[in-house]
Amino acid sequence: MWGTISSFAQNILYSIFFIIIARKYNTLDFGNYIIANTMYGMILSFSSLGLGQWYMRNIATSENKQNLTDQFLQIQIQSGVGFYIVLLVISTLLYGFGIPTQLALIIGLNVVFDNIIYAIKCINIISYEQHRTFMILFCEALLKVMLGVSLFFHQMSIFQILISLVFLRVITLQLFIRFTAGEKINIRQIILKTHLIEHWRKVVTKNWPFVIIGSISVLYWSVGNILASKFLPLEQVSYYEISFKLFAMAEIIPLMLSSTIFPQLSKTKIAVNERAPEVYKICVFIMNTYGVLAYIFVYCYASYIIPTLFGIKYNHISNYTAGMFLTMLIFPMSILQANLIVANKKEKTDMWLNVISLITYLVIASIGMIKFRDLTIINYSIFISFLAFNILQGMFIHKMGWQKSTDTIINYLSIGIPILIVYYLEQYVERIFIFPFMTMCYLVIYMTSIRKGKINFSILIQSSI
C-alpha cells in the first residue's frame, strides 16, 4: 500500500514541477534539460543492476546479515560511480561537449546518490519500514515543487536548476541515512571495505534477468527523446516529452489496479479460489474501458489541456499527444497480461516478450525517422510494438488456458468499435461532446451487465480482501 500511495503522490508532484519548468523556459533550454534528464534516467535504470530482489531474497537466510547488507551497498556505490562514467561517455559520443553533455555532467551525479537510496529503500522493505521511505520521498517531491514555484519570483538558468536538484537529492540521501538506516549502515566504512571483483561479477551474472526486466521500460520510453534529438530540431524533443508526461500520468491508474489484483492471478490462488480466471475477465473489461475512455478524453480535450498546463507555445502539439495516446488503448491490457504471466512464474517469458517489443520499436522508429524525419513516426512505432507485444502475450495466455480465442477477438472488438464510433460522430458533432456521450454509453453497458449478472464486481472485491 505504501508503495502505491508513494508512487501516486510523487508522480503528481513531479508532474507539477515538470509543468512549471515547461512554462518557465524556452523550448531550446527545455529541450536540453529533457535530453540530459533522459540520459540520466536511462543510465539510472541500469545502474542498480536490479539487485534489490537478490538482496531481499537472500537476507532472510543469510548467516551474516550485516555483511550481506554491506556487500549490497558497496556494489550499489561502485556501480553508481561506474555508470556515471558511462553516462558521460555516451553523452559525449551522442552530443559532443555541447550543453546536453554539460547538463548530464551535473544531473548524472544523482546516479551515485540514487543507488545508495535504492539500497536503503530495500533495507526498509525487509524491515517493514516502507512508511519512512514514503515520508522522505514525499518531502523531497514537495521541495522540488517549491523549487519550481520559486522560479515565479527569481529566474534561474537551467544549469542552476539542475545543481539545485542535485543538492535536493543529497539532502534526501542524508535523511535516508539518518532516519531510516543509520543504525544498520556506515557509508564511510562500506566505501573503505574491499570485496573481490570476482564476487561482484558472480552476483551480477547470476541475477542478470533482474537487470533486463528492471531497465527495459525506462529504456523503451527514453529512446523517443534520443531519436528526436538526433533527427529533428531540438524543440521537438520537448513535444515528445510533454506528450509522454501526460501519458505517464494516465498510466498510473492501470498500474495501481494491476498491482492490486496481482496476488489473485497466481496459481496458488487458483488452487484456493477457482474464481481467479473470472476475476481476470472482469479486470480485462475494466482495463479496456479505461484505455478507451482515456484515449477519447485526450483526443477530445488535448487542445484545451496542453495550452492550459504548459502554455500557448505548445498548443500545436495536441494532435501529436492524441497520437501517443493510441497506445493507451492497449497499454492497460498489456500491463494486466504481463502481471498474469509473471504471477504464474514465467518471468523469463515476460522478459523476452519485452525484448521483442523493444527491438520492434527500435527498428521501426529508426528506419522511419531516417526516411521521414517526422515526430509522429515515434508514436506509430510505439503503438505497433505494443500491439505486437499484446498479441504475443495473448497467445501465451491462451496457451496457459486463461483465455479463449473468442475472448481475444471480443477484447479487440471492444477497443476498436468505440474508436470507430468516435471518428464517425466527429463528422456530425463537436469533439467536446463526444467524451460525455461515450462515458454515458459505458455506464449504461456496465449497469445493464451488472443487472443481468454478466459482471459481478463483488467477486473482485472479495478476492482483494
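Each value, and the rule that gives it
Residues numbered from 1 in each chain as written. Predicted model: local features only at pLDDT ≥ 70, side-chain atom pairs only at ≥ 80, totals over all residues. Heavy atoms only, no water. Helix = DSSP H or I, 4+ residues; strand = E, 2+ residues; numbered from the N terminus. Buried < 20%, exposed > 50% of the residue type's maximum accessible area, 1.4 Å probe, protein only. Areas by Shrake-Rupley, 256 points an atom, 1.4 Å probe, with all protein chains shown as cover. Expected span 1.5 Å × (residues − 1). Contact = heavy atoms within 4.5 Å. Phe/Tyr/Trp six-rings, centres within 6.5 Å; stacked < 30°, edge-to-face > 60°. Lys NZ or Arg CZ within 6 Å of the ring centre and 35° of its normal. Salt bridge = Lys/Arg side-chain N within 4 Å of Asp/Glu carboxyl O. Core = buried A, V, L, I, M, F, W, Y, C linked by side-chain atoms within 4.5 Å. Axes fitted to C-alpha atoms, helices over the stretch in contact; angles between N-to-C directions. Parallel < 35°, antiparallel > 145°, perpendicular 65-115°, else oblique. Left-handed = near helix turned anticlockwise from the far one by under 90°. Nonpolar A, V, L, I, M, F, W, Y, C, P; charged D, E, K, R; others polar. Patch = residues over 30% accessible without salt bridge, like charges linked within 9 Å, V, L, I, M, F, W, Y side chains within 5 Å. pLDDT = per-residue confidence, 0-100.

Caption draft 1: Structural context of the overall build of the chain. On a plain count of helices and strands, the chain comes out with 22 helices and 0 strands. Put simply, the chain has 465 residues, and 50% of those count as buried. Element-wise, carbon and sulfur atoms account for 68% of the exposed surface of the chain, whose accessible area totals about 22300 Å².

Caption draft 2: Up close: helix α4 (residues 65-95). The terminal C-alpha atoms of α4, which comprises 31 residues, lie 44 Å apart, in line with the 45 Å expected from a rise of 1.5 Å per residue. Just downstream of α4 lies Gly96, where phi reads positive at about 65°.

Caption draft 3: Inspection of the environment of Pro254 at higher detail. In this structure, Pro254 sits in helix α13 (residues 252-260). According to the relative accessible area criterion, Pro254 is buried, its value standing at 1%. Taking C-alpha positions, Pro254 is 7.5 Å from Ile335, a pair spaced 81 residues apart along the chain. If near-sequence neighbours (up to four positions away) are discounted, Pro254 is found in contact with Met287, Tyr290, Phe331, Pro332 and Ile335.

Caption draft 4: Spatial organisation of the packing of aromatic side chains. Scanning all chains against the criterion turns up 25 aromatic pairs. Taken together, the aromatic side chains of Tyr220, Trp221, Tyr240, Phe244, Phe247, Phe325, Phe331, Tyr361, Phe386 and Phe389 make up a single cluster linked through ring pairs. Sitting over the ring of Tyr14, Lys144 keeps its end group 4.5 Å from the ring centre. Taking NZ or CZ as reference, Lys245 lies 4.9 Å from the ring centre of Phe18, over its face.

Caption draft 5: Summary view of the pattern of salt bridges. For the coordinates displayed, the defined rule picks out 3 salt bridges. A salt bridge links Arg169 to Asp114, with the nearest nitrogen and oxygen atoms 2.4 Å apart. Highlighted residues: Arg169 in helix α8 (residues 158-179) and Asp114 in helix α6 (residues 110-126), separated in sequence by 55 residues. Exposure remark for Arg169: the relative accessible area of 15% places this residue in the buried category. Between Glu426 and Arg431 there is a salt bridge; the shortest N-O distance is 2.6 Å. When its relative accessible area of 25% is taken as the criterion, Glu426 is described as partly exposed. By relative accessible area, which is 27% here, Arg431 ends up partly exposed. Because the salt bridges share partners, they merge into one network encompassing Asp114, Glu140 and Arg169.

Caption draft 6: Molecular detail of the side chain of Ser357. Positionally, Ser357 belongs in helix α18 (residues 347-372). On the basis of relative accessibility, which here comes to 5%, the residue Ser357 falls in the buried class. If near-sequence neighbours (up to four positions away) are discounted, Ser357 is found in contact with Tyr220, Ser385, Phe386 and Phe389.

Caption draft 7: Region of the structure containing the nonpolar core. In terms of nonpolar packing, the biggest core is built from 107 residues, with Tyr240 and Ile296 touching the most fellow members. It is helix α15 (residues 276-310) that provides the largest number of residues to this core, a total of 17 residues. Counting 19 residues, the second-largest nonpolar core is a separate cluster that includes Leu49, Leu51, Leu68 and Phe176.

Caption draft 8: Here's a closer look at the environment of Thr349. Here Thr349 shows up in helix α18. With a relative accessible area of 24%, Thr349 lands in the partly exposed category. In sequence terms Thr349 and Ala338 are 11 residues apart; their C-alpha atoms lie 9.5 Å from each other. Contact partners of Thr349, with chain neighbours within four places excluded, come to Ile341 and Phe396.

Caption draft 9: Spatial organisation of helix α12 (residues 235-250). Across its 16 residues, α12 extends 24 Å between first and last C-alpha, which sits within 8% of the 22 Å expected from 1.5 Å per residue. Within α12, 14 of the 16 residues are buried, leaving the element largely enclosed by the surrounding structure.

Caption draft 10: Fine view of unusual backbone geometry. Residues other than glycine seldom take positive phi values, yet Arg373 does so here, at roughly 50°. Within the secondary structure, Arg373 sits in the loop between α18 and α19 (376-400).

Caption draft 11: Representation of the packing of helix α7 (residues 130-150) against α8 within the structure. Contact geometry of α7 with α8 gives a least axis separation of 10 Å together with a crossing angle of 160°. On the basis of their axis angle, the class for α7 and α8 is roughly antiparallel. Every pair of crossing elements has a handedness; the one defined by α7 and α8 is right-handed. Only Ile161, Ser164, Leu165, Leu168, Arg169, Thr172, Leu175, Phe176 and Phe179 of α8 make contact with α7, whose side of the interface consists of Arg132, Thr133, Ile136, Leu137, Glu140, Leu143, Lys144 and Leu147.

Caption draft 12: Structural view of the packing of helix α20 (residues 405-425) against helix α21 (residues 431-451). Remark: α20 packs on α21, axes separated minimally by 11 Å, with the N-to-C direction vectors making an angle of 145°. Of the two possible hands of crossing, α20 and α21 adopt the one that is right-handed. Contacts between α20 and α21 involve Ser414, Pro418, Ile421, Val422 and Leu425 on the former and, on the latter, Ile434, Phe437, Met438 and Tyr442. Looking at the contact of α20 with α21, its residues break down into 8 nonpolar, 1 polar and no charged.

Caption draft 13: Seen up close, the environment of Ser238. You can see Ser238 is positioned in helix α12. The exposure class of Ser238 is buried, given its relative accessible area of 0%. Discounting chain neighbours no more than four positions away, the residues touching Ser238 are Thr27, Phe30, Ile34 and Tyr314.

Caption draft 14: Spatial organisation of a nonpolar patch on the surface. Among the surface-exposed residues, Tyr304, Tyr424, Tyr428, Val429, Ile432 and Phe433 lie close enough to one another that they form a single nonpolar patch of about 660 Å² accessible area. Along the polypeptide, Tyr304 turns up in helix α15.

Caption draft 15: Focus on the confidence of the model for the chain. Per-residue confidence for the chain gives a mean pLDDT of 83, with 82% of residues at or over 70. Contacts for the low-pLDDT stretch residues 267-273, under 50 throughout, to residues beyond four places or in other chains number 8 contacts.

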